[in-house]
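Each chain, letter by letter, is given below.
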Amino acid sequence: MFAHVTIRWAGLATLFGCFVAYLFFRRDMKENGYVRAISQEVFLGIVVFGLLGGRIGWYIANGFDHISRFFLFFDDGFEPLMAIYFVMLFVFFYVRKNFMSFRRTLDCIIPHFLLAAAISRIPYMFSDWRNILIVGVDMLGYILLEVLYRNYFYDKHRGDRAALTLLWIGLSRFFVNIATYGRSNASLMMLLPGLVTAIGALIFYVFNRRKKMDRKPLVLFDFDGTLMDTQAMVNESYRYLFNKYRTVDDFDDRTQLEVFGADDRREIKRLFKGEDPNELTHEFRTFQANLPALGLVNTMPHALEVLMWLKKNGYTVGVVTSRPTDNCRYWIEEFDLEDYVDMVMGKEIYKKAKPAPDALRRICHALGLGHDNCVYIGDHARDVRMARRACVYAIGYVTSKENFNRITKAMPNRMIRDLRELEDILQETDHNWTYNLL
């Protein structure tokens, strides 16, 4: 009876430990700009490969005794280090397929192994004093890494948290086995996995700290007001609607700033209540298409010069716009910029308008580069907020005093007043190209 109760409580503790670890893992993935579906897929893989690896490791360590009970997961035991190795193998192939950073993803996963392992061992604490020591060591390591290191160490590289966690796990397993079994009774099979893990983690950490962060990022631009000065054309088109359905005086400076670069249908629906937004949007676009381009549209200062520099230096460049893709491509071709832009993504392709991060995630994936190494430049606060939600490096392009105040409140990584400043920024090697710099 007692054995059955122990197995039941051990199973519940393991499930609860996995659930708590998932919550923290999901938090870290969200902070890094990953959607819930990605987190769920990765976590499912962690569970499957962790179980398989843990069981295989345990039976190897015990001479394959009772191997027939392999899939009776509450019988016999698990080898946590082998579980981690199998998880890392799964993550390596998963991130390659989904254009994700291997080291950044491990930082979201490995530290929470300590928490899950500690919680899953709590029922065993009442039957074996050695489990009290193991739980205490795991929890101490988790607190040191997740509270002190995470919050108070600022010079961090991708992979540091994972490497330090593995170093802690390896050393703690090595010394706990010696402390509980004694040097004479602890077998080589008990000590070697922890020692190898610790040495490997230390070597990785040292080399990881020395590695320069000089990989070229994907460079993405907003279109209106960043690459192309279309404000006169946009204002003229809205002024036409205001003159017909409201009064021109209602189209004041504040409204002009709000609508520029925004989704036209959404703004028309907001500004012209009681009117059919689909009809007015069609009328707005028809009027705009028939406007003479001369004098109403031009490239932003130094935009062509910067695009040429990016092309010359091997950067991949994309444009994310609230305009339809074909319309944006028309203006890019009109000003002979098509040779410098690798992809244009208009609003009909992504599901949610700025500042939702859907557009950035989609174009990064479509280019096969992912968002873990990406810079986005925009001239509006909504551009900065979109970049922050996608966790890409956000650069606010300041073109006016009003624009400066709004962008400042959105908290970009950097602010520029001249597109040429981008050239110097992109040559920095002391941080990663993400909003949290990791």
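As the structure is a prediction and not an experimental result, all values here were calculated from the model.

The rules behind each value
- Residues numbered from 1 in each chain as written.
- Predicted model: local features only at pLDDT ≥ 70, side-chain atom pairs only at ≥ 80, totals over all residues.
- Heavy atoms only, no water.
- Helix = DSSP H or I, 4+ residues; strand = E, 2+ residues; numbered from the N terminus.
- Buried < 20%, exposed > 50% of the residue type's maximum accessible area, 1.4 Å probe, protein only.
- Contact = heavy atoms within 4.5 Å.
- Axes fitted to C-alpha atoms, helices over the stretch in contact; angles between N-to-C directions.
- Left-handed = near helix turned anticlockwise from the far one by under 90°.
- Nonpolar A, V, L, I, M, F, W, Y, C, P; charged D, E, K, R; others polar.
- UniProt positions renumbered as here; feature names shortened; annotations may be inferred.
- Parallel < 35°, antiparallel > 145°, perpendicular 65-115°, else oblique.
- Pairing = 2+ DSSP bridges.
- Phe/Tyr/Trp six-rings, centres within 6.5 Å; stacked < 30°, edge-to-face > 60°.
- Lys NZ or Arg CZ within 6 Å of the ring centre and 35° of its normal.
- Salt bridge = Lys/Arg side-chain N within 4 Å of Asp/Glu carboxyl O.
- Disulfide = S-S within 2.5 Å.
- Patch = residues over 30% accessible without salt bridge, like charges linked within 9 Å, V, L, I, M, F, W, Y side chains within 5 Å.
- Areas by Shrake-Rupley, 256 points an atom, 1.4 Å probe, with all protein chains shown as cover.

Some words on the environment of Thr165
Relative to the helices and strands, Thr165 is located in helix α7 (residues 160-181). A relative accessible area of 0% means that Thr165 is categorised as buried. Leaving out residues up to four positions away in the same chain, Thr165 has contacts with Ile110, Pro111, Leu114 and Leu145.

Describing the packing of helix α2 (residues 36-61) against helix α3 (residues 80-97)
At a closest axis distance of 6 Å, the pairing of α2 and α3 adopts a crossing angle of 140°. Taken as a pair, α2 and α3 cross one another with a handedness that is right-handed. On the side of α2, the interface is formed by Ile38, Glu41, Val42, Gly45, Ile46, Phe49, Gly50, Gly53, Gly54, Ile56, Gly57 and Ile60, while α3 contributes Met82, Ala83, Phe86, Val87, Phe90 and Tyr94. In terms of residue class, the contact of α2 with α3 is built from 12 nonpolar, 5 polar and 1 charged.

A few points about the UniProt feature "transmembrane region" (unreviewed entry) in the protein
In this numbering, the UniProt entry assigns the feature "transmembrane region" (unreviewed entry) to residues 6-25, 37-60, 80-96, 108-126, 132-149, 161-182 and 188-207. Each end of residues 37-60 is marked by a C-alpha atom, and these two atoms are 34 Å apart; helix forms 100% of the span and strand 0%. Span residues 108-126 is 63% helix and 0% strand, its end C-alpha atoms 31 Å apart.

Notes on the packing of helix α11 (residues 264-271) against helix α12 (residues 277-289)
Angle between the axes and distance between the axes are the two parameters that describe a pair of packed helices. Taken N-terminus to C-terminus, the directions of α11 and α12 make an angle of 120°; their axes are 9 Å apart at the nearest point. As judged from the angle between their axes, α11 and α12 are oblique. The crossing of α11 and α12 is right-handed. Between α11 and α12, the residues in contact are Asp264, Arg265, Ile268 and Lys269 and Pro277, Asn278, Leu280, Thr281, Phe284 and Arg285, respectively.

Observations regarding the side chain of Asn432
Here Asn432 lies in the segment after α18 (421-425). The contact partners of Asn432, leaving out residues within four places of it in the chain, are Arg158, Met213, Tyr393, Leu437 and Leu438.

Things to note about the sheet that holds strand β1 (residues 218-222)
Read from one edge of the open sheet, 6 strands run β5-β4-β1-β6-β7-β8, paired in parallel fashion. On the outer flanks of this sheet lie β5 (343-345) and β8 (414-416), each paired with one strand and no other. Each strand axis lies, on average, 20° off the axis of its neighbour in the sheet, ignoring direction. Against the sheet, helix α14 (residues 325-334) engages β4 (317-320) and β5, with an angle of about 140° to β5. Packed onto the sheet, helix α15 (residues 358-366) meets β1, β4, β5 and β6 (374-378) and runs at close to 150° relative to β5.

Notes on the packing of aromatic side chains
By convention here, two paired aromatic rings are described through the distance between centres and the angle between planes. Evaluated as defined, the whole model comprises 20 aromatic pairs. Centroid distance Phe92 to Phe102: 5.7 Å. Interplanar angle 85°. Geometry classified as edge-to-face. With Phe92 in helix α3 and Phe102 in helix α4 (residues 102-109), this pair connects stretches of sequence that are 10 residues apart. The exposure class of Phe92 is partly exposed, given its relative accessible area of 33%. Among the aromatic residues, those joined into a cluster by ring pairs are Tyr238, Phe242, Tyr245, Phe251, Phe272 and Phe284. The ring centre of Tyr149 lies 5.7 Å from the NZ or CZ of Lys156, which sits over that ring. Over the ring of Tyr315 we find Lys216; its NZ or CZ atom is 5.7 Å from the centre of that ring.

Brief notes about the environment of His282
Note on placement: His282 falls in helix α12. With 164 residues separating them in the primary sequence, His282 and Ala118 have C-alpha atoms 61 Å apart.

A few points about the pattern of salt bridges
For the structure on display, the rule yields 27 salt bridges. A salt bridge links Arg266 to Glu267, with the shortest nitrogen-to-oxygen separation between them at 4.0 Å. For Arg266, a relative accessible area of 34% corresponds to the partly exposed category. Shared partners join several salt bridges into a network, and the residues in it are Arg27, Asp28, Glu31, Glu146, Arg150 and Arg161.

Quick look at the state of the cysteines
Linking two cysteines covalently through their sulfur atoms gives a disulfide. For the structure shown, the criterion picks out 0 disulfides. Its sulfur unpaired, Cys108 is 9.5 Å from the next cysteine sulfur, which belongs to Cys391. Taking the relative accessible area as the measure of exposure, Cys108 reaches 1% and is therefore buried. The thiol sulfur of Cys328 is not disulfide-bonded, and the nearest other cysteine sulfur, from Cys364, lies at 16 Å. Its relative accessible area of 0% is what places Cys328 among the buried residues.

Remarks on a nonpolar patch on the surface
Where nonpolar side chains cluster on the molecular surface, the patch consists of Leu140, Ile143, Leu144, Val147, Leu148, Tyr152, Phe153 and Tyr154 and spans about 840 Å² of accessible area. By the secondary structure assignment, Tyr152 is in helix α6 (residues 129-152). According to the relative accessible area criterion, Tyr152 is exposed, its value standing at 57%.

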